[in-house]
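# A closer look at the structure
Spelled out from the first residue to the last, the chains are:
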Amino acid sequence: MLGFLNNIQGIVNFLFFLAVAGTLGVSWLYADRLKKQYRADFPWNKTAMIVGIEVLLWIGFNFFWEIFEAFWWQITIIAIIAIVLISRKKRKYI
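Residues numbered from 1 in each chain as written. Predicted model: local features only at pLDDT ≥ 70, side-chain atom pairs only at ≥ 80, totals over all residues. Heavy atoms only, no water.

## Regarding the side chain of E54
Mapping E54 onto the fold places it in helix α2 (residues 44-70). Although E54 lies buried, it forms no salt bridge, and the closest oppositely charged side chain, K46, sits 16 Å away as judged by the N-O distance. In contact with E54, not counting residues within four places along its chain, are F16, A19, V20 and T23. (Helix = DSSP H or I, 4+ residues; strand = E, 2+ residues; numbered from the N terminus. Buried < 20%, exposed > 50% of the residue type's maximum accessible area, 1.4 Å probe, protein only. Lys, Arg positive; Asp, Glu negative; His and termini not counted. Salt bridge = Lys/Arg side-chain N within 4 Å of Asp/Glu carboxyl O. Contact = heavy atoms within 4.5 Å.)

Take a look at the structure:
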């Protein structure tokens, strides 16, 4: 089971990497076009803030994933119970 969870973590880490690299790549392309067409500066501080948020989410995911790997069956049971309780059909009493 841990091998399967490690594979999931690897895939999600790769997706986070693509998100960060994509943000930087698209920002660079857009900054280049702004400079050529309008001679305007690109707001790199906003891009840095977005990339910072993405990296913090990436770190947070890895932190909580390590906790999930340690207690995966307890968390799974609690999640199933929560889903059942939330999705129960509520009766309307008239």
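## Structural notes on the packing of α2 against helix α3 (residues 72-87)
Running from N to C, α2 and α3 point in directions that differ by 95 degrees, and their axes come no closer than 5 Å. Judged by the inter-axis angle, α2 sits roughly perpendicular to α3. Residue-level contacts link I67, F68, E69 and A70 of α2 to W72, I75 and T76 of α3. Among the residues making up the contact of α2 with α3, the classes are represented as 5 nonpolar, 1 polar and 1 charged. (Axes fitted to C-alpha atoms, helices over the stretch in contact; angles between N-to-C directions. Parallel < 35°, antiparallel > 145°, perpendicular 65-115°, else oblique. Nonpolar A, V, L, I, M, F, W, Y, C, P; charged D, E, K, R; others polar.)

## A short note on the packing of helix α1 (residues 2-38) against α2
For the pair α1 and α2, interaxial distance at closest approach is 10 Å and the crossing angle is 180 degrees. By the angle between their axes, α1 is roughly antiparallel relative to α2. Its residues assigned to classes, the contact of α1 with α2 shows 20 nonpolar, 7 polar and 3 charged.

## Describing the pattern of salt bridges
For the coordinates displayed, the defined rule picks out 2 salt bridges. A salt bridge links D32 to K36, with the nearest nitrogen and oxygen atoms 3.4 Å apart. Of the two residues, D32 and K36 are both situated in helix α1; the distance of 4 residues between them amounts to about one turn of the helix. K36 gets classed as exposed once you look at its relative accessible area, which sits at 65%. A salt bridge links D41 to K35; the shortest N-O distance between them is 3.0 Å. The exposure class of D41 is exposed, given its relative accessible area of 63%.

## Examining α2
The end-to-end C-alpha distance of α2, which contains 27 residues, comes to 39 Å, matching closely the 39 Å that a straight helix rising 1.5 Å per residue would cover. The set of residues buried in α2 consists of T47, V51, E54, F61, W65 and E69. On its buried face, α2 is in contact with α1 and α3. (Expected span 1.5 Å × (residues − 1).)

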